[in-house]
Amino acid sequence: MEFVSGYRDEFLDFAALLFGWFRKFVAERGAVGTSLEGRWRQLEAQIRRLPQDPALWVLHVLPNRSVGISLGQGAEPGPGPGLGAARLLGDEPPLHLQDLSPYVSFVSLEEGEEGEEEEEEEEEEENGEEEGAGTKKVETEEDREPAPSSRESPREATPPGEPEEAEQEAGGGEDAQEDRAEDEPGTERRKGQRSDAAPLHLSCLLLVTDEHGTILGIDLLMEGAQGSTGRNSGAENLAPRAYALLCHSMVCPMGSGDPRKPRQLTVGDAQLHRELENLVPRLGVKLAKTPMRTWGPRPGFTFASLRARTCHVCHRHSFEVKLTPCPQCGAVLYCGEACLRADWKRCPDDVSHRFWCPRLAAFMERVGELATLPFTYTAEVTSETFNKEAFLASRGLTRGYWTQLSMLIPGPGAPRHPRGSTPSLSLLLHGDPYQPLQGDGPALMPPVPQDSPRGLFGSWQDYYTWRGLSLDSPMAVLLTYPLTVYYVITHLVPQSFPELNIQNKQSLKIHVVEAGKEFDLVMVFWELLVLLPHVALELQFVGGGLPPESDQQHFTLQRDGPEVSVRPSSGVSARLSSGAKEKGGRRDLQIKVSARPYHLLQGPKPDLVIGFNSGFGLKDTWLSSLPRLQSLRVPAFFTESSEYGCVMDDQTMAVATGGGTSPPQPNPFRSPFRLRAADNCMPWYCNAFIFHLVYKPSQGSGARPASGPVTPAPTPTAPPAPARRRRGEKKPGRGSRRRR
């Protein structure tokens, strides 16, 4: 697929942006230690002519003493293009953080502590220290040692040629790496592929931001056998490097905006502040009288969602080149005529922009329609410049399930997301299924209405009114998953497959195929018990990307009045409330997990199959799972985050089975958050469109309409109805023989 905006982990785009800017900075900085007077005279004159930014800029000095970076054999060492940056910026970039695990991982440099488990580029460590737990970790580290700077660290002063000694001082990184490999059996094979060299040590991070949290520049001071920076001593080179970083951040700011200089600058290190007193005034910038003693951002401070975009062809960022959309469709971003012509003439023709341009122009006409939502915050969250991190932080949505929507990475010691054995059991200790949905403020979900829904909901407006939710509530971002299931059951299946009579069934078995983020938000599906109180539901999450430790989990959610109880598969009751229930009025929600591709799943045939933001063209397993669905011939509905994804899914279905998909339609229960698109301007929303599979007619059967429902005749592989009739016929036969 050409565009992966709705499928790629946002943090990977963030890491690619950091690396792209850092590579450009290293290339233009040149050798460290040359004369500042000769190198920067022309640049200083250019900066003095720049317009002034009224916001305060901050130069942060963030030492690191505990985490090292281990590179696999496929990674490229060195501070320039290295550390596997090409893996983030190439034509086939990874889609998920775990895709980087063979190339980059974190190891502990301190005895008794395990390394970070997230396996991405080194900026994740920076993000974990600064963003995890809402900047509190960084404040603690600064408060603990406010006076010494990173240049006083013994590892900072160690020559690059002595990595083993530095590692011993750090606490035995190799031992920590071995312990980590033992604790994580699933990664032993990858660990065996890694280089035997000492891990890199990111001894210090220089970070330039404005007072609102926008990252403007970054510099990484590294030590270790792999990728040594070749500098002499951090104490000697930190001031020139910091000055070079400030200059480059003004001429080429990483975040949004044109080149500019700050009105005032403050520095987070006392010694570095003194060393910059004679350098910063050359730029026409006022340096604060005293250094910033600790991390002191405002309570609502957050690292803003970066808006730097990339060329669709060469992947260069907007801070490197000027990007403009295609003049005809306005959907795809290019850095110039050369890349536009190259994309226009690509071979084969069906991947060229000449082929896609009119279709993308039609997709762009949906921008206004998809942004038509009833919420008070609609204009903000559907904007191309939507700052999701600031939105979540301003509303206190920084814990529980809300962290699944953010780029925040938990710092060391922070509780991990409950992915593992019976994930939701530990979250329901107080009998409130909405506990992980809450923010830091008042309750976001009102009590469950006493009366069942009297009609069918076809919009967020209707559902919010009945549920007692304010249109200012952001719960729609999480509830898009159960409400989409509800909409498929109550509206789409009766329209497309009326002979199934699904609305009159008292129990439904639903497979959620290639499950991912929706499994991380599993408790939101309890809302189905509220919307469909008289239907017993079984949701089976299936997918090779699910945690292996969750395989074969099975637990039951039972509605007891307004609350819920949980029963694990062992049969031991974990009921959390003792409220009275009406006889015959209670229905259960069964949750099952199968951590395997769908075509390998064994078990009874489901009533319905649903997949969220599927991306058939991005996983090879779909080429086997789609034929499996073709053989089952069950109603299968899928959502996509854009019309482009729906077209690609139709093509993949045709290749895999000879069938196709129905025309996609906008999902009224789509997420209101517009997804960030790096190389295009198309509107992307989670669960934006819905379609169902159109199976190829069976051999020997009569032709049926292309978008019609699946015929109810039993297949040879699953003939439950004829089997029941045969048993019924045998009884009278045996009785008549006995009477004779």
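Coordinates for the structure precede this section.
Calculation notes
Every chain's residues receive numbers from 1 upward, in the order its sequence appears when written. Thresholds applied to this predicted model are a pLDDT of at least 70 for local features of residues and 80 or more for the giving and counting of side-chain atom pairs; totals over whole chains, interfaces and linings are not thresholded and use all residues. Side-chain numbers here rest on the full set of heavy atoms in the structure, without hydrogens or water. Helix and strand assignments come from DSSP, with helices taken as H or I runs of at least 4 residues and strands as E runs of at least 2, each series counted from the N terminus. Relative accessible area decides the class of each residue, using a 1.4 Å probe on protein chains only: under 20% of the type maximum gives buried, over 50% gives exposed, and in between gives partly exposed. A contact between two residues is defined here by any heavy atoms of the two lying within 4.5 Å. Using a 1.4 Å probe, accessible areas were evaluated by the Shrake-Rupley method; residue-level cover was limited to the displayed protein chains. We call two N or O atoms a polar contact when they sit within 3.5 Å, provided that within protein one can donate a hydrogen and the other can accept it, with sequence-adjacent residues counted only if both atoms are side-chain atoms. Pairs of strands are assigned from DSSP output, requiring at least two bridges between the strands. A pair of Phe, Tyr and Trp rings is counted when the ring centres sit within 6.5 Å of each other, with Trp represented by its six-membered ring. The angle between the planes then sorts it: under 30 degrees is stacked, over 60 is edge-to-face, the rest tilted. Note on geometry: axes are lines fitted to C-alpha atoms, helical ones only across the stretch in contact, with angles between N-to-C directions running from 0 to 180 degrees. Roughly parallel covers angles under 35 degrees, roughly antiparallel covers those over 145, roughly perpendicular covers 65 to 115, and oblique covers all other angles.

Chemist: Describe the overall build of the protein chain, and please don't skip the residues or the numbers.
Modeler: Counting its secondary structure elements, the protein chain contains 22 helices and 19 strands. When burial is assessed residue by residue, the protein chain has 54% of its 740 residues classed as buried. Long-range pairs, those at least 24 residues apart, make up 75% of the contacts in the protein chain with a sequence separation of at least 6. A total of about 31400 Å² of accessible surface is found on the protein chain, and carbon and sulfur atoms cover 50% of it.

Chemist: Explain the side chain of serine 642 to me, and be specific about the residues and the numbers.
Modeler: Here serine 642 lies in the loop between strand 16 (636-640) and helix 21 (643-657). Of the polar contacts made by the side chain of serine 642, one reaches the backbone nitrogen of glycine 645; its length is 3.2 Å. The residues touching serine 642, leaving out its near neighbours within four places in the chain, are Pro683, Trp684 and Phe689.

Chemist: Any chance you could break down the pairing of strand 1 (residues 52-63) for me, citing the residues and the numbers?
Modeler: Two faces make up the sheet, and in a regular strand the side chains alternate between them. In terms of burial, strand 1 is a largely internal element, 9 of the 12 residues being buried. Both strand 1 and strand 6 (residues 261-267) contribute to a ladder of 6 bridges, which runs parallel. Across the sheet, residue tryptophan 57 finds its bridge partner in strand 6, namely leucine 265. Pairing analysis gives 7 bridges linking strand 1 to strand 4 (residues 200-210), with the strands arranged antiparallel. Paired with valine 61 across the bridge in strand 4 is leucine 206.

Chemist: Give me the lowdown on the packing of aromatic side chains, citing residues and values where you can.
Modeler: Counting across every chain of the model gives 30 aromatic pairs. Consider the rings of tyrosine 7 and tryptophan 684, whose centres lie 6.4 Å apart with planes at 85°: the pair is edge-to-face. Here tyrosine 7 is found in the segment before helix 1 (10-29), whereas its partner tryptophan 684 is found in the loop between strand 18 (665-666) and strand 19 (689-694), with 677 residues between them in sequence. You'll find tyrosine 7 and tryptophan 684 in the same group, each marked buried. Both rings, one in tyrosine 481 and one in phenylalanine 612, keep their centres 5.1 Å apart while their planes meet at 80°; by these two values the pair is edge-to-face.

Chemist: So what's going on with unusual backbone geometry? Residues and values would help.
Modeler: Cis peptide bonds are those with omega within 30 degrees of zero, and the linkage from cysteine 347 to proline 348 qualifies with -5°. On the secondary structure map, proline 348 appears in the loop between helix 11 (337-344) and helix 12 (353-364). In this structure, asparagine 501 is a non-glycine residue whose phi angle is positive, near 50°.

Chemist: How would you explain the packing of helix 11 against helix 12 if you had to name every residue and give the values?
Modeler: Closest axis-to-axis distance for the helix 11/helix 12 pair is 7 Å, and the angle between their directions is 95°. Regarding the angle of helix 11 to helix 12, the classification is roughly perpendicular. The segment helix 11 lies against helix 12, with Leu340, Asp343 and Trp344 engaging His353, Arg354 and Cys357.

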